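# Observations on the three-dimensional arrangement
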Number of protein chains: 2
Amino acid sequence: MKINVKECAAVLMQQEDILILTHAHPDGDTLGCGFALCRALLALGKRARVINADEIPAKYDYLFEGIEAVDFEPKFIVAVDVATENLLGELNEIYGGKINLCIDHHGTNTLFAEKTLLEEVAAACETMFKLIKELGVQIDKSIAACLYTGITTDTGCFRYASVTAETFRAAAELVELGADNGAINRAMFETKTKTYAKLERLAINSMRFYCNDRVAVITVTQDMYAKTGSNETETEALAPLTRQIEGVEIGLTIREKSDKTCKVSIRTFENVNAAELAKYFGGGGHPQASACRFDCSVDEATKQLIDKCAQLLGDK
Amino acid sequence: MKINVKECAAVLMQQEDILILTHAHPDGDTLGCGFALCRALLALGKRARVINADEIPAKYDYLFEGIEAVDFEPKFIVAVDVATENLLGELNEIYGGKINLCIDHHGTNTLFAEKTLLEEVAAACETMFKLIKELGVQIDKSIAACLYTGITTDTGCFRYASVTAETFRAAAELVELGADNGAINRAMFETKTKTYAKLERLAINSMRFYCNDRVAVITVTQDMYAKTGSNETETEALAPLTRQIEGVEIGLTIREKSDKTCKVSIRTFENVNAAELAKYFGGGGHPQASACRFDCSVDEATKQLIDKCAQLLGDK
C-alpha cells in the first residue's frame with residue numbers, strides 16, 4: 001500500500017524498537033536516509049538502529065558519529081532507498097517478506113513492503129527531509145549532514161537532470177540547519193585516496209568502446225585491487241567516468257567479484273533507459289543509473305551486455 | 001567607488017551604448033555575467049555587446065545564441081568578473097583606465113573601475129541575478145541559462161565551500177525560470193571531447209608530487225596539444241584534478257604557451273591562500289582558486305613555484 005509523508009509520519013509515531021535496513025553496497029543516499037531516520041527516532045525517545053549487508057566505506061563514518069549502539073528485538077522493520085528486496089543483499093535472507101515500511105524514490109520499486117512511501121525525487125533523502133519535519137523533530141547539524149549527504153551523492157553533487165528547484169531549496173535549508181556542504185562535498189567527491197587514484201588510472205586505461213563508440217566499458221578486476229591496494233568499496237566513483245566521453249550513450253562498469261561473478265553499473269543519457277537494461281538482467285535502478293549482477297565471468301557478462309546494448313541502440 | 005545593487009541598477013538605467021568586457025581566457029562565470037547583462041540591456045531597448053580578448057570555447061555558444069551583433073561607438077564600459085585590469089588580457093591595452101563600472105565577486109578586486117559593485121559571493125552571476133531583477137527586466141529562459149551557467153561553473157557544480165544557502169536558492173529560482181540545469185551541467189562537466197579525454201590522460205600521467213606529497217603539479221606542454229589535437233581552451237577542467245589526491249594541499253596546473261612562457265592555475269584548501277600565492281607572482285583570484293603568469297619556461301616556473309610553496313607550507 002502506498003502512503004504519503006503525513007501518513008508515514010503517523011505510522012512511525014506509533015512504532016517502537018525500529019530496525020532500519022539500507023541496501024547492499026550502501027551509498028550516501030541509503031546511509032544518509034537510514035542514519036537521519038535513526039537520529040530522528042532516537043530524538044523522539046524510541047529505540048532504533050541501522051544495519052546493512054556490506055561494509056560501510058570509511059568516508060561515511062560521520063553519518064553515525066555519536067549514535068550509541070542499542071540492542072533490542074525489532075518490532076518494526078523499515079527499508080530505506082531500497083527498490084527491490086534483492087537489493088538488501090544478505091539481509092534479504094533474514095528480512096525478506098518481513099519489511100513493514102519502505103521509504104524510496106525509485107520508479108522501479110516493487111512495493112514489496114507492507115507500506116511504501118514512494119516519491120520519484122532526486123534522492124530518497126529529499127523525502128526523508130520532509131518526513132522528519134512531519135515527525136516534528138528538531139533537525140540538528142547531524143541530521144542535516146545526513147540528509148545533505150544523501151542529496152549531494154545521489155545527484156552527483158547537483159549535476160544530474162533529476163535535480164529540481166525543490167532539490168536546491170532542500171539543500172539551501174539543510175545548509176542553514178548546519179550541514180557543512182563544502183566539507184561534505186570534499187569528503188564525497190574531492191578526496192581520492194592514493195589507492196583509489198591508482199585504481200582509477202588502471203580503470204581508465206581499461207576503457208573499451210563498442211557499437212560505434214556509443215558504448216564505453218570499464219572493467220575492474222580482482223587483479224587491479226591487488227595491484228593498487230584498493231577494494232570494491234572504492235569503485236563507486238568509477239561508473240560516471242564511462243559516459244563522460246563525447247558520443248557515449250551507454251557506460252558500463254563491470255566489477256569482478258572475488259567469487260569470479262560480477263556486478264555491473266549502468267549509466268546512460270535520456271536516449272536509453274538504464275533501468276530497463278538492468279531489469280533485462282534481473283537488476284534495477286533509475287532511468288539514467290542502474291545496476292545488475294551476473295553469475296558468470298567478466299568476459300561473458302561483457303558479451304551479453306554488448307549484445308543487448310547493440311539491440312537497444314539499433315532500435316534508435 | 002563601491003556601489004550596491006540598487007545604485008548599480010540606477011547607473012545602468014542612465015547609460016546607452018554599453019560595451020561589456022569579460023576577462024581573458026573567458027570562463028562560464030564571466031561569459032554568463034556578460035551575456036546575461038547584455039540580454040537584459042537589449043531587453044531595456046539599449047544597445048550593448050560583449051567582447052573579450054580570447055576565443056570563447058565552443059561549449060559556451062548557447063550563451064549568446066540569438067543575440068544580434070550591433071555596431072556602435074561605446075559610451076559606457078563595464079567589466080564583469082574582472083578582479084584586476086591585467087586580467088582583461090589584450091583588451092587592457094585599449095580599455096585600461098577607461099572602465100566605468102566593474103561587477104565582480106573577487107575579494108582581490110583592485111577597484112580599478114570608476115564604480116565597482118563587489119559582493120564576495122560564490123559566482124559573479126549571483127550578483128548579476130540580483131542586478132537584473134533590480135533593472136526590472138523579465139528574466140527569460142536565455143538569461144536564466146546564462147546566470148545558471150555562471151553559478152554552476154564557478155562553484156564546480158555546487159561543490160565548493162563558497163556555496164551558501166543563497167547560492168542554492170538562486171539556482172532554484174533559475175531552474176524555475178527555465179534554465180535547463182541537467183543539460184547545462186552535462187555540457188559543462190559531463191562531456192569530454194575525445195581530444196580532451198586524451199589530453200587529460202597525458203596530464204594525469206604528468207602529475208608530480210613535491211613537498212612531502214603536499215603539492216601536486218600537472219604540466220601541459222605544447223607538445224601534448226600537438227599529440228592529442230587538443231588546445232588551451234580545453235584545459236579548464238584539469239586544474240581541479242590536482243587537489244583531489246588525498247594529502248595534497250596545493251595543486252598547480254602549469255600550461256606552456258606557444259611563446260614558451262606559461263600560465264599557472266592554483267588550487268588549494270583552507271590551509272593555504274591561493275590568491276596570496278598567485279599575488280606573489282603578479283596574479284590573483286580567490287582564496288582557493290587563483291592564477292598567475294610566468295615569462296619563463298615551465299621548468300623555471302615550476303622551480304619558483306615549488307620554492308614558494310615549500311616556504312608557505314613550512315610556516316604551517
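The paragraphs below set out a description of the structure included in this document. (Residues numbered from 1 in each chain as written. Chains lettered and ligands numbered in written order. Predicted model: local features only at pLDDT ≥ 70, side-chain atom pairs only at ≥ 80, totals over all residues. Heavy atoms only, no water.)

A few words now on the layout of surface pockets. Put simply, the second largest pocket is a space of about 310 Å³. Contributions of two or more residues to the lining of the second largest pocket are made by α8 (194-205) of chain A together with α8 (194-205) of chain B. For the lining of the second largest pocket, the element with the highest residue contribution is α8 of chain A, accounting for seven residues. Counted by class, the lining of the second largest pocket contains seven nonpolar, three polar and six charged residues. (1 Å grid on protein atoms, 1.4 Å probe; cavity = no way out; pocket = protein on both sides within 12 Å on 5 of 7 lines; lining within 4 Å. Points joined across faces, edges and corners; volume = space filled by probe spheres on them. Helix = DSSP H or I, 4+ residues; strand = E, 2+ residues; numbered from the N terminus. Nonpolar A, V, L, I, M, F, W, Y, C, P; charged D, E, K, R; others polar.)

Moving on, we come to the side chain of Ser230 of chain B. All names here are of chain B. Within the element layout of this structure, Ser230 appears in the loop between α9 (222-228) and α10 (239-242). You can call Ser230 buried: its relative accessible area is 6%. A polar contact of 2.5 Å, which involves the side chain of Ser230, links it to the side chain of Glu234. Aside from chain neighbours lying at most four places away, what touches Ser230 is Thr195, Tyr196, Leu199 and Tyr225. (Buried < 20%, exposed > 50% of the residue type's maximum accessible area, 1.4 Å probe, protein only. Polar contact = N/O pair within 3.5 Å; in protein donor to acceptor, adjacent residues only side chain to side chain. Contact = heavy atoms within 4.5 Å.)

Attention shifts here to the sheet that holds strand β11 (residues 289-294) of chain A. All names here are of chain A. Strand order across the open sheet formed by six strands is β6-β7-β8-β9-β11-β10, with mixed pairing between neighbours. Where the open sheet ends on each side, the last strands, each with one partner, are β6 (208-210) and β10 (284-285). Where β10 lies against β11, two bridges are found, and the strand directions are antiparallel. Paired with Gly285 across the bridge in β11 is Ser290. Sheet strands in contact with helix α12 (residues 298-314) are β6, β7 (215-220), β8 (250-256), β9 (262-268) and β11, and its direction is about 165° off that of β8. (Pairing = 2+ DSSP bridges. Axes fitted to C-alpha atoms, helices over the stretch in contact; angles between N-to-C directions.)

This part covers the interface of chain B and chain A. Listed by partner, the interface residues are 36 residues for chain B and 36 residues for chain A. In this assembly, chain B packs against chain A so that about 3700 Å² is buried in total across both faces, 51% of it on carbon and sulfur atoms. For chain B, the biggest contributors to the area lost against chain A are Arg159, Phe168 and Glu190 of chain B; these three give 21% of the whole. Counting every contact that joins chain B to chain A gives four salt bridges. Arg169 of chain A serves as the salt-bridge partner of Glu176 of chain B, at 3.0 Å between the closest nitrogen and oxygen. (Buried area = accessible area lost by both parts, 1.4 Å probe. Salt bridge = Lys/Arg side-chain N within 4 Å of Asp/Glu carboxyl O.)

This paragraph deals with the relation of the copies chain B and chain A. Overlaying chain B on chain A yields an RMSD of 0.0 Å, the required transformation being a rotation through 180° with an accompanying axial translation of 0.0 Å. Interpreted geometrically, this transformation is the action of a two-fold axis. A shared interface surface links the copies, since 100% of the contact residues of chain B are contact residues in chain A too. (Least-squares fit on C-alpha atoms with pLDDT ≥ 70 in both.)

Right, let's get into the sheet that holds strand β11 (residues 289-294) of chain B. Residue and element names in this part refer to chain B. Across the sheet, six strands lie side by side as β6-β7-β8-β9-β11-β10; this open sheet has mixed pairing. Edge strands, defined here as strands with exactly one partner in the open sheet, are β6 (208-210) and β10 (284-285). The pairing of β6 with strand β7 (residues 215-220) spans three bridges and is antiparallel. Note that in β7 the partner of Phe209 across the bridge is Ala216. Packing of helix α12 (residues 298-314) onto the sheet brings it into contact with β6, β7, β8 (250-256), β9 (262-268) and β11, and relative to β8 it is tilted by some 165°.

What follows is about the pairing of strand β1 (residues 18-21) of chain A. Residues and elements named next belong to chain A. Alternating residues of β1 divide into Ile18 and Ile20 and Leu19 and Leu21, and every residue in both groups is buried. Pairing geometry for β1 and strand β2 (residues 48-51), over four bridges, is parallel. The partner of Leu21 across the bridge, within β2, is Ile51. Relative to strand β3 (residues 76-80), β1 runs parallel, the two being bridged by four bridges. Directly across from Leu21, in β3, lies its bridge partner Ala79.

Turning to the pattern of salt bridges, a few remarks are in order. Residues and elements named next belong to chain A. For the structure shown, the criterion picks out 32 salt bridges over all chains. Between Lys133 and Glu173 there is a salt bridge; the shortest N-O distance is 3.0 Å. Placement of the pair is Lys133 in helix α4 (residues 124-134) and Glu173 in helix α6 (residues 165-176), with a sequence separation of 40 residues. Of the residues examined, Lys133 reaches a relative accessible area of 40% and is grouped as partly exposed. Among the ionic pairs, Arg214 bridges to Glu249, the shortest N-O distance being 2.6 Å. Separated by 35 residues along the polypeptide, Arg214 in the loop between β6 and β7 and Glu249 in the loop between α10 (239-242) and β8 bring together distant segments of the chain. With a relative accessible area of 24%, Arg214 lands in the partly exposed category.

What follows covers the environment of His25 of chain A. Residues and elements named next belong to chain A. Following the sequence through the fold, His25 ends up in the loop between β1 and α2 (28-43). Classification of His25 as partly exposed rests on a relative accessible area of 23%. When the C-alpha positions of His25 and Leu88 are compared, they lie 9.0 Å apart, and in sequence the two are 63 residues distant. Not counting the four nearest positions on each side in its chain, His25 is found in contact with Asp54, Glu232, Lys257, Lys263 and Arg293.

What follows is about the packing of aromatic side chains. Evaluation of the coordinates by the stated rule reveals 16 aromatic pairs over all chains. With 5.2 Å between their ring centres and 40° between their planes, Phe35 of chain B and Phe64 of chain B make a pair best called tilted. One end of the pair, Phe35 of chain B, is in helix α2 (residues 28-43); the other, Phe64 of chain B, is in the loop between β2 (48-51) and β3 (76-80), and 29 residues separate them in sequence. Relative accessible area serves as the criterion here: at 7%, Phe35 of chain B is assigned to the buried category. An aromatic cluster is built from Tyr148, Phe158 and Phe168 of chain A together with Tyr148, Phe158 and Phe168 of chain B, whose rings are joined through pairwise contacts. (Phe/Tyr/Trp six-rings, centres within 6.5 Å; stacked < 30°, edge-to-face > 60°.)

Note that every value here comes from positions in space, so none of it alone points to a role or purpose.
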